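# Secondary and tertiary structure notes
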Amino acid sequence: MSFHLILFLAFGAVCVGGAVNLLAQRHPINSALSLIAVMAALAGEYLLLGAEFVAAVQVIVYAGAIMVLFVFVIMLLNAGEEEETKGSRVAILLGVPGVLTGSVLVAWVVLRHSGTESVAIGALPGHPADIAQLLFHDFLLPFEVTSVLILIAIMGAVVLASKPEATARKVD
Amino acid sequence: MVPSYVPLSYYLLLSGFLFACGVVGFLIKRNIITIFMSIELMLNGVNLSFVAFAAHWHALAGQVFVFFVMVVAAAEAAVGLAIIIAVYRTRETLNVDQVNLLKL
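Along every chain, residues carry numbers that run from 1 in the direction the sequence is written. Chain letters and ligand numbers both follow the written order, the letters beginning at A and the numbers at 1. Residues qualify for local features only when their pLDDT is at least 70, as the model is predicted, and side-chain atom pairs are given and counted only at 80 or more; totals for whole chains, interfaces and linings, by contrast, use all residues.

Numbering of helices and strands starts at the N terminus; helices are DSSP runs of H or I of at least 4 residues and strands are runs of E of at least 2. Helix and strand content of chain A: seven helices and one strand. For the exposure call, what matters is how many other C-beta atoms sit within 10 Å of a residue's own: 20 or more marks it buried, 12 or fewer exposed, and in between partly exposed, using C-beta atoms placed from the backbone. Per-residue burial for chain A yields a buried fraction of 26% across its 172 residues. Nonlocal contacts in chain A, meaning residues at least 24 apart in sequence, comprise 59% of its contacts between residues at least 6 apart. Any two residues are considered in contact once their C-beta atoms, placed from the backbone, lie within 7 Å.

What follows is the structure, given as structure tokens:
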């Protein structure tokens, strides 16, 4: 067993555990913390795939900025434990076997058809310079459109989150 | 650098598992914030398969796509959380079962 495979399995175990914990926890802050663990472990997987820059951005943007926003909103709204839901018996009877069958089928197909092919680790260094070359030449138009998207998102967030009476006063 | 190998299928299975966990969380969770976090989990699962395929096909464009997904996720999180704050302000609840009308 190669060292990379051991690292892959370790980070993958953290990912799987965090994702299952996100579903199992009832309090949103616990779910948020397990999601941060998933994202940090995913950054490790990106490093194994040779995508250093993506790994750094994953930690800074996802595990940093976006999750801080989530935790901030959870604390701002003082979100408590979520209430028990009445589970539908038909959903459990049909859903659980369906999910198990589907996942086994997908796993079998994926392992069968791409089992011999391999990812060469370190063969594709994700240097920021190469990525910048792509981003600012080949994908220049999407990049510029993205800036408009972010501008609209900022304005939308400010308008939506501001107090209703403050917005009404501005309209008047 | 000594090349060592992890099969592409392992990355795809992990990515599929994360996406499936996101779908299940989206369906079974009742707290609107946790539902939102499940969507982020789905996006992360897709990002992992983008990076794995980028490494597999030696196409750096896959990593650029991940940045676009991250940008959309950030914009979506900002607007979505603002909507959650607005919903909480008018309904005083985060339970999606009690948010079943567009009209107050």
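Now for the interface of chain B and chain A. Tallying the contact residues gives 59 residues for chain B and 69 residues for chain A. Sorting the residues of the side of chain B that touches chain A by element identifies β1 (5-7), α1 (8-28), α2 (32-57) and α3 (61-91) of chain B as the ones contributing at least two each. No other element matches α3(B), which puts 21 residues into the side of chain B that touches chain A. Classifying every residue of the side of chain B that touches chain A gives 46 nonpolar, eleven polar and two charged. Residues are sorted three ways: Asp, Glu, Lys and Arg are charged, Ala, Val, Leu, Ile, Met, Phe, Trp, Tyr, Cys and Pro are nonpolar, and all the rest, Gly among them, are polar.

This brings us to the confidence of the model for chain A. On a range of 0 to 100, pLDDT expresses the predictor's confidence in each residue. Overall, the predicted model of chain A reaches an average pLDDT of 85, with 87% of residues at or above 70. Averaged over each element, pLDDT in chain A is lowest for strand β1 (residues 118-120) of chain A (54) and highest for helix α2 (residues 28-48) of chain A (93).

With that out of the way, let us pick up the domain arrangement of chain A. Each domain's limits were defined by an automated method or a database of domain assignments. Taken domain by domain, chain A holds domain 1 (1-81) and domain 2 (127-172). A separation of 24 Å is found between the C-alpha centroids of domain 1 of chain A and domain 2 of chain A.

All right, on to unusual backbone geometry then. Leave glycine aside and you will find that most residues have negative phi; peptide bonds, for their part, are mostly trans. Residue and element names in this part refer to chain B. At H58, a residue that is not glycine, the phi angle is positive and equals roughly 55°. Structurally, H58 can be placed in the loop between α2 and α3. Look at E92: it is not a glycine, yet its phi comes out positive at around 60°. You can see E92 is positioned in the segment after α3. Take E92: there are 9 C-beta atoms within 10 Å of it, and that puts it in the exposed class.

Here we take up the environment of D138(A). Position of D138(A) among the secondary structure elements: in helix α5 (residues 128-138). Separated by 54 residues in the primary sequence, D138(A) and E84(A) place their C-alpha atoms 50 Å from one another.

This part is about the environment of F72(A). On the secondary structure map, F72(A) appears in helix α3 (residues 52-77). Once the C-alpha coordinates of F72(A) and A32(A) are considered, the two residues, 40 residues apart in sequence, prove to be 11 Å apart.

Across soluble globular proteins, nonpolar side chains show a tendency to be buried alongside one another. Grouped together as the largest cluster of nonpolar side chains are 66 residues, with contacts concentrated most on L35(A), I33(B) and V51(B). Secondary-structure elements contributing two or more residues to this core are α1 (3-24), α2, α3, α5 and α6 (140-161) of chain A together with α1, α2 and α3 of chain B. Mapping this core onto the domain boundaries places at least three of its residues in each of domain 1 (1-81) and domain 2 (127-172) of chain A. Those residues in contact with I33(B) that sit more than four places away from it in its chain are P28(A), F70(A), V73(A), I74(A), A79(A), I84(B) and L94(B). Defined on buried residues, the nonpolar core groups Ala, Val, Leu, Ile, Met, Phe, Trp, Tyr and Cys residues joined through C-beta atoms within 7 Å.

Attention now moves to the packing of α5(A) against α3(B). Axis separation between α5(A) and α3(B) bottoms out at 10 Å; the angle between their running directions is 70°. Taken together, the axis directions place α5(A) and α3(B) in an arrangement best described as roughly perpendicular. For the pair α5(A) and α3(B), the crossing hand works out as right-handed. On α3(B), the residues touching I131(A), L134(A) and L135(A) of α5(A) are A61(B), Q63(B) and V64(B). Here the contact of α5(A) with α3(B) is composed, by residue class, of five nonpolar, one polar and no charged. Lines fitted to C-alpha atoms define the axes here, with helix axes fitted over just the stretch in contact, and angles between the N-to-C directions of these axes take values from 0 to 180 degrees. Angle categories: roughly parallel below 35 degrees, roughly antiparallel above 145, roughly perpendicular from 65 to 115, and oblique for all the rest. Note on convention: near helix rotated counterclockwise from far helix by under a right angle means a left-handed crossing. Clockwise means right-handed.

Between its terminal C-alpha atoms α2(A) stretches 30 Å, which fits the 30 Å expected from 21 residues at 1.5 Å a residue. Once α2(A) finishes, G50(A) follows within two positions and takes phi at roughly 85°, a positive value. Multiplying 1.5 Å by the helix residue count minus one yields the expected span of that helix.

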